[in-house]
Amino acid sequence: MEKDNQSKGVVVVTGASAGLGRSIAREFALNGYDVSLLARGEDGLKAAKKEIEEMGRRAVYYSVDVADADAVERAAEETEKQLGPITVWVNNAMNSVFSPIKEMLAEEYKRVTEVTYLGQVYGTLSALKRMLPRDKGVIILVGSALAYRGIPLQSAYCGSKHAIQGFFDSLRAELIHDKSNVRTTMVQLPAMNTTQFKFVKTRLPNKPKPMGKIYQPEVAAKAIVYAAENDRREVYVGYPTVQAIVGDKIAPELGDWYLAKTGFDGQQTDIPEDPNRPHNLWEPLPGDHGAHGTFDAESTYSSPQLWLSMHKKEILSTALAVGGVMLGSMAIKKWFGDDEEDHTYQI
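## What to know about the pairing of strand β4 (residues 88–91)
Residues V88 and V90 of β4 are buried on one face, and the alternating residues W89 and N91, pointing to the opposite face, are buried as well. Both strand β1 (residues 10–14) and β4 contribute to a ladder of three bridges, which runs parallel. Counterpart to V12 in the pairing with β4 is W89. For β4 and strand β6 (residues 138–142), the ladder comprises four bridges, and the chain directions are parallel. Directly across from N91, in β6, lies its bridge partner L141.

The structure is reproduced here in structure tokens:
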């Protein structure tokens, strides 16, 4: 392909065919990046590629299971042949099972861990292989409030996100030790209105749903693009994420009791689930499913907490400027006195 000189760079997005990954790919394209799309579902990949090209950006896609390290590496190699050097790698692909632990199977834990945790490790290895020799690039690990605070009925997913958090800490320390200019950031997400709740395997009697306040995937996608372009260790998305992470550090036992009471009903709608409905644990579901799930009416497109986090430098600068003006005004009054001479003239 002919190189586009106006491109801001080349980004790889895993899990890009649907849900958050689809929103991430769109957001990077809107911000001037060419995009390599990795996922299993070819229908969604084709549709995502078309969307990005309609935005005026270049796109390629590879039907890849991120649990296959060799397949991820081949996709990385082909991406650089087609689009050029990878500047940003977003590890987003995930899978989950809604089920009590006592009903989980060993192979289900293995599969969720291979996709949700090892998929991010394999993506990171392929990114580092290319970025370290160039001494530049950004690796985004997509986390969750559940990387810190596990909840009932999603033990395989929570365990995988906790593992990513530990891997991220190790990676950052090693990059700092090596004085590398390759950056890594972890973005911690709230409950989102994505397609996973229609896709993942479930043993719940009712249809699963996000727990707590629900955000549209576009909110998280903006945070991930911000993380790629700004040097931040972590980015928290949404006040519930901050609340869950900080709360778990302060009073984890209180969280255990609270989730024992609310975590079961809070992750289910009132609509019975078909126990035989198809799921995507082992194979992708056919069709183009887009970015949004079925909770549009309950979801928000904004996060004041995220806006404040993304603009904290400007807010601090403004606060310092206002404080300087106030201190200057107080100093003038102190030096010259508060009483002004009466200059009333009489005619």
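What follows continues from the structure just given.
## As for the packing of aromatic side chains
For the structure on display, the rule yields four aromatic pairs. Centroid distance F28 to Y33: 5.1 Å. Interplanar angle 85°. Geometry classified as edge-to-face. In this structure Y33 comes out as buried when scored by relative accessible area, which is 6%. Look at Y117 and F167: their rings are 6.5 Å apart centre to centre, the planes differ by 80°, and that puts the pair in the edge-to-face class. With Y117 in helix α4 (residues 106–134) and F167 in helix α5 (residues 155–177), the pair connects residues that are 50 residues apart, well separated along the chain. Here a set of aromatic residues connected by ring pairs shows up, and it is made of F98, F197 and F295.

## What about unusual backbone geometry?
Even without a glycine there, the phi angle at L153 is positive, about 75°. One can find L153 in the loop between β6 and α5. On the basis of relative accessible area, L153 is assigned to the buried category, the value being 7%.

## Here we look at the side chain of N91
Position of N91 relative to the elements: it lies in strand β4. For N91, a relative accessible area of 0% gives the class buried. Among the polar contacts listed, one links the side chain of N91 to the side chain of T124, at a separation of 3.2 Å. Among all residues touching N91, those that are not within four sequence positions of it are T14, G119, Q120, G123, T124, I139, I140, L141 and V142.

## Observations concerning the sheet that holds β1
Judged by pairing direction, the sheet is parallel, and its seven strands sit side by side in the order β3-β2-β1-β4-β6-β7-β12 without closing on themselves. Of all strands in the sheet, those with a lone pairing partner are β3 (59–63) and β12 (234–236), marking the two edges. Sheet twist, expressed as the mean angle between neighbouring strand axes with direction ignored, is 15°.

## Considerations on helix α8 (residues 239–250)
Look at α8: 16 Å from first C-alpha to last across twelve residues, which is about the 16 Å you get at 1.5 Å a residue. The complete set of buried residues in α8 reads T241, I245 and D248. All buried residues of α8 project into a common sector of 70° when viewed along the axis, lining one side. In α8, the exposed positions angled more than 90 degrees off the buried face are occupied by Y239 and I250.

Reading guide: rules and limits
Residues numbered from 1 in each chain as written. Predicted model: local features only at pLDDT ≥ 70, side-chain atom pairs only at ≥ 80, totals over all residues. Heavy atoms only, no water. Buried < 20%, exposed > 50% of the residue type's maximum accessible area, 1.4 Å probe, protein only. Helix = DSSP H or I, 4+ residues; strand = E, 2+ residues; numbered from the N terminus. Pairing = 2+ DSSP bridges. Phe/Tyr/Trp six-rings, centres within 6.5 Å; stacked < 30°, edge-to-face > 60°. Polar contact = N/O pair within 3.5 Å; in protein donor to acceptor, adjacent residues only side chain to side chain. Contact = heavy atoms within 4.5 Å. Axes fitted to C-alpha atoms, helices over the stretch in contact; angles between N-to-C directions. Expected span 1.5 Å × (residues − 1). Arc of directions from axis to C-beta.

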